[in-house]
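Survey of secondary and tertiary structure
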Amino acid sequence: MSTTNLKKFKRKLKKTLDENRYVHTMGVMYTAACLAMRYECDISKAQTAGILHDCAKCIPDDTKVQLCRKYNIHMTDLEKSNPFLLHAKLGAFFAMHKYKVTDKEVISAILNHTTGKPDMSLLDKIIYVADYIEPGREKAPNLSEIRKLAFIDIDRAVYRILDDTLAYLEHSDGDVEPLTRKAYEYYRDYYNNLENHDLNGSADLKSAEHE
């Protein structure tokens, strides 16, 4: 994606996002670019997904529902009762049809930036993490630690964010999106298996040393 296209996106977004959301969007775009450089991901794709991830965020909730019905975008019961969750699906749709983005990786990153999903691509993870740690964020738990972790081990950063998100929702009696729970379970099992493998490997090494 060229710099010219990013400038066009900025002009459009300034008309559709409120000031705070626009500042957040710029923060996500720049943070995503930094993470892309760290993990050798396509910087242009990271910037594009970052700048468009919330392009449908400021649409009124009742309009979000109407638009999903108009364009045959599937809504879960949870999304119908919490329409703010629909901005990711609508954002992916607008990225394709309003902003003319054709890259499937970029669309996936926009689509999954709120809930996450099992076995995310590198770009999915970059946008998911960038949305959580961008400089304007202040209230999330363990934010300083996760910001450091994001540039050391992005998979573990994803896991920590999912863990903290679920803990917050359960503590506040908030509704948990099933895909978020599935994502958490995927990365939990991934690290449990990794740790068990390391323990078994260490045990095997000790046994071999005593033979």
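These figures come from a predicted structure and were not determined experimentally.

Turning to a positive patch on the surface, a few remarks are in order. Residues Lys7, Lys8, Arg11, Lys12, Lys15, Lys98 and Lys100 make up a contiguous surface patch of positive charge. Counting through the fold element by element, Lys98 comes out in the loop between α6 (87-97) and α7 (104-111). For Lys98, a relative accessible area of 37% translates into the label partly exposed.

Checked against the element boundaries, Gly91 lands in helix α6. With relative accessibility at 0%, the residue Gly91 sits in the buried group. C-alpha of Gly91 to C-alpha of Val176: the two residues are 85 residues apart in sequence and 20 Å apart in space. Setting aside residues up to four positions removed in sequence, Gly91 forms contacts with Cys55, Ala56 and Ile110.

With that out of the way, let us pick up the packing of aromatic side chains. In the structure shown here, the tally under the stated rule is 7 aromatic pairs. Judged by centre distance (5.8 Å) and plane angle (25°), the ring pair of Tyr159 and Tyr184 falls under stacked. Within this pair, whereas Tyr159 is found in helix α10 (residues 154-171), its partner Tyr184 is found in helix α11 (residues 178-210), the two being separated by 25 residues in sequence. As far as burial versus exposure is concerned, Tyr159 and Tyr184 are alike and both buried. Put simply, the rings of Tyr159, Tyr184, Tyr190 and Tyr191 pair up and form one aromatic cluster. For the cation-ring pair, Arg38 lies above Tyr39, with the distance from its terminal atom to the ring centre recorded as 4.3 Å.

The biggest cluster of nonpolar side chains holds 63 residues, and the ones touching the most others in it are Leu13, Ile51, Leu52, Val101, Ile126 and Val129. Filtering out sequence-adjacent residues up to four positions away, Ile51 remains in contact with Leu6, Phe9, Lys10, Leu13, Thr25, Met26 and Met29.

Cut-offs and rules
- Residues numbered from 1 in each chain as written.
- Predicted model: local features only at pLDDT ≥ 70, side-chain atom pairs only at ≥ 80, totals over all residues.
- Heavy atoms only, no water.
- Patch = residues over 30% accessible without salt bridge, like charges linked within 9 Å, V, L, I, M, F, W, Y side chains within 5 Å.
- Areas by Shrake-Rupley, 256 points an atom, 1.4 Å probe, with all protein chains shown as cover.
- Salt bridge = Lys/Arg side-chain N within 4 Å of Asp/Glu carboxyl O.
- Lys, Arg positive; Asp, Glu negative; His and termini not counted.
- Charge placed at Lys NZ, Arg CZ, Asp CG, Glu CD.
- Helix = DSSP H or I, 4+ residues; strand = E, 2+ residues; numbered from the N terminus.
- Buried < 20%, exposed > 50% of the residue type's maximum accessible area, 1.4 Å probe, protein only.
- Contact = heavy atoms within 4.5 Å.
- Phe/Tyr/Trp six-rings, centres within 6.5 Å; stacked < 30°, edge-to-face > 60°.
- Lys NZ or Arg CZ within 6 Å of the ring centre and 35° of its normal.
- Core = buried A, V, L, I, M, F, W, Y, C linked by side-chain atoms within 4.5 Å.

Everything listed is a geometric property; what it means functionally is a separate question.
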